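Letter by letter, the chains look like this.
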Amino acid sequence: MTERAPQPPSDSDIELRLLMEAIYLKYSYDFRDYTGASQKRRVNHALGQFNLPSISALQEKVLHEPAFFTRLLQYLTIPVSEMFRDPAYFLALRRQVIPVLQTYASIKIWVAGCSTGEEVFSLAILLREEGLLERSQIYATDINPASLEKARSGIFALDALRTYTANYQRAGGVRAFSDYYTAAYDAVRFDPSLCANVVFADHSLATDSVFAETQFVSCRNVLIYFNRPLQDRALGLFHESLGRRGFLGLGAKESIDFSGYVDRFEPLARAERIYRKMP
Ligand SMILES: C[S@@+](CC[C@H](N)C(=O)[O-])C[C@H]1O[C@@H](n2cnc3c(N)ncnc32)[C@H](O)[C@@H]1O
């Protein structure tokens, strides 16, 4: 029987690959190993927003207008976040991870893909309530400079507060959530002391390497956009960064089950996607 030749890629798949290559060569942002579906969704959305007829037209602007690329980056990354997102995750941290961290003299935490900071502030609040914030160093990293800038400001939209407050309570919060922020017009500013030990920094899970030994890595809703080899690259960084018996937290739709690291971590709270490095 003759083997059927593989189908050639469609024109738009070719354009998409060329666009990712152009972005990588020109700006060193590496989206080449993001899943095809997420690339397509983001790029099609950008085409609509910029009113451009084709991916090739987008590429033309990317190559010749660096300021345009900065705007496009907001569409290629997905800066969607929420405080105490998936409250069960934060409750499991409080009950199963924090008691172990409390036995350490000092701790380092890496929040990878921190976006606009909601996850970082949630963790900082949790650590403060558990008496750990003062001896914690948090590295909060992302590839999107605009998101990092917003995260540093600690300012969030007032209209999201009702959801955040409900999440906080479901995550085992022990105080009034309003203790942590002051409201001004349509925004709230979180207590800057929550961020006294936070370093916000540019870091790509696709191209950069490990920068510190940590006891806990929280990387939520980022791997979901990566293909299998890139997921393994990121998990390799987390494994290398984590010290002995370190903890790893992923997003609700993420797992290490089908990765090359399935034998290197054991589930601690499987449903909440919290793992522990194997001895
Ligand atoms: C959906 S947000 C997740 C935010 C937060 N972790 C949460 O769960 O609410 C995904 C974030 O991953 C970041 N990201 C995408 N690719 C990345 C990469 N290669 N390295 C680091 N961060 C990346 C995006 O910029 C975006 O801020």
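Residues numbered from 1 in each chain as written. Predicted model: local features only at pLDDT ≥ 70, side-chain atom pairs only at ≥ 80, totals over all residues. Heavy atoms only, no water.

## Re the side chain of Arg220
1) Next: In this structure, Arg220 sits in the loop between β7 (214-219) and α9 (228-241).
2) Next: The buried category is assigned to Arg220, whose relative accessible area is 5%.
3) Next: If we skip the residues at most four places from it in the chain, Arg220 touches Arg85, Asp86, Tyr89, Phe90, Ala112, Glu119, Gly249, Leu250, Gly251, Ala252 and Glu254. (Helix = DSSP H or I, 4+ residues; strand = E, 2+ residues; numbered from the N terminus. Buried < 20%, exposed > 50% of the residue type's maximum accessible area, 1.4 Å probe, protein only. Contact = heavy atoms within 4.5 Å.)

## So, empty space enclosed by the protein
Where empty space is left becomes clear once a probe the size of a water molecule has been rolled over the atoms.
1) Next: All told, the structure shown has one cavity of 30 Å³ or more when counted by the stated rule.
2) Next: Quantified by volume, the largest cavity comes out at close to 450 Å³.
3) Next: Ranked by residue count, the leading element in the lining of the largest cavity is helix α2 (residues 36-50), at four residues.
4) Next: Its residues assigned to classes, the lining of the largest cavity comprises 16 nonpolar, 12 polar and six charged. (1 Å grid on protein atoms, 1.4 Å probe; cavity = no way out; pocket = protein on both sides within 12 Å on 5 of 7 lines; lining within 4 Å. Points joined across faces, edges and corners; volume = space filled by probe spheres on them. Nonpolar A, V, L, I, M, F, W, Y, C, P; charged D, E, K, R; others polar.)

## Concerning the site of the ligand
1) Next: Within the structure, the ligand sits among 21 residues, and Tyr34, Ser81, Arg85, Glu119 and Asp142 are positioned closest to it.
2) Next: In the environment of the ligand, an oxygen atom lies 2.6 Å from a nitrogen or oxygen atom belonging to the side chain of Arg85.
3) Next: Between the ligand and the protein, one listed contact pairs an oxygen atom with a side-chain N or O atom of Asp142 at 2.6 Å.
4) Next: Relative to its unbound accessible area of 610 Å², the ligand is 98% covered by the protein chains.
5) Next: Mapping the ligand onto the cavity grids shows that it belongs to the largest cavity. (Near = heavy atom within 4 Å. Polar contact = N/O pair within 3.5 Å; in protein donor to acceptor, adjacent residues only side chain to side chain. Areas by Shrake-Rupley, 256 points an atom, 1.4 Å probe, with all protein chains shown as cover. Sits in = over half its atoms within 2 Å of the grid points.)

## A word on the sheet that holds strand β4 (residues 181-184)
1) Next: If you trace the three strands from one edge of the open sheet to the other, you get β3-β5-β4, paired in antiparallel fashion. The open sheet terminates on both sides in strands that have one partner only, identified here as β3 (155-157) and β4. Here the strands of the sheet are splayed against their neighbours by 30 degrees on average, with no regard to which way each runs.
2) Next: Summarising the sheet, β3 and strand β5 (residues 187-190) pair through three bridges and their orientation is antiparallel. Bridge pairing in β5 places Ala157 opposite Ala187. (Pairing = 2+ DSSP bridges. Axes fitted to C-alpha atoms, helices over the stretch in contact; angles between N-to-C directions.)

## Overview of the packing of aromatic side chains
1) Next: In total, this model carries 23 aromatic pairs according to the counting rule given.
2) Next: Consider the rings of Phe50 and Phe68, whose centres lie 4.6 Å apart with planes at 55 degrees: the pair is tilted. Here Phe50 is found in helix α2, whereas its partner Phe68 is found in helix α4 (residues 66-76), with 18 residues between them in sequence. We note that Phe50, like Phe68, is buried.
3) Next: Judged by centre distance (5.3 Å) and plane angle (80 degrees), the ring pair of Trp110 and Phe238 falls under edge-to-face. Of this pair, Trp110 sits in strand β1 (residues 107-112) while Phe238 is found in helix α9, placing the two residues 128 residues apart along the sequence.
4) Next: Among the aromatic residues, ring-to-ring pairing joins Phe84, Tyr89, Phe90, Phe121, Phe156, Tyr168, Phe177, Tyr180, Tyr181 and Phe190 into one connected group. (Phe/Tyr/Trp six-rings, centres within 6.5 Å; stacked < 30°, edge-to-face > 60°.)

## Topic: the layout of surface pockets
1) Next: If you add up the space inside the largest pocket, you get close to 150 Å³.
2) Next: Along the walls of the largest pocket sit Arg85, Asp86, Asn221, Ile224, Tyr225, Ala252 and Lys253, which together make up its complete lining.

## Notes on the sheet that holds strand β8 (residues 242-250)
1) Next: The seven strands are arranged β6-β2-β1-β7-β8-β10-β9 in an open sheet whose pairing can be described as mixed. Strand pairing shows two members of the sheet lacking a second neighbour, β6 (198-202) and β9 (265-269), which therefore form its edges. Between one strand axis and the next, the sheet turns through 20 degrees on average, direction left out of account.
2) Next: Bridging between β9 and strand β10 (residues 274-277) involves four bridges; their strand directions are antiparallel. Across the sheet, Glu266 pairs through a bridge with Arg276, a residue of β10.
3) Next: Against the sheet, helix α7 (residues 145-153) makes contact with β2 (136-142) and β6, and its axis sits at roughly 165 degrees relative to β6, the strand it touches most.

## Regarding helix α3 (residues 55-64)
1) Next: Looking at α3, one finds that the buried residues are Ile55, Leu58, Gln59 and Val62. The arc that holds the buried residues of α3, viewed along the axis, is 100 degrees, so those residues lie on one side.
2) Next: The secondary structure elements touched by the buried residues of α3 are α1 (11-27), α2 and α4. (Arc of directions from axis to C-beta.)

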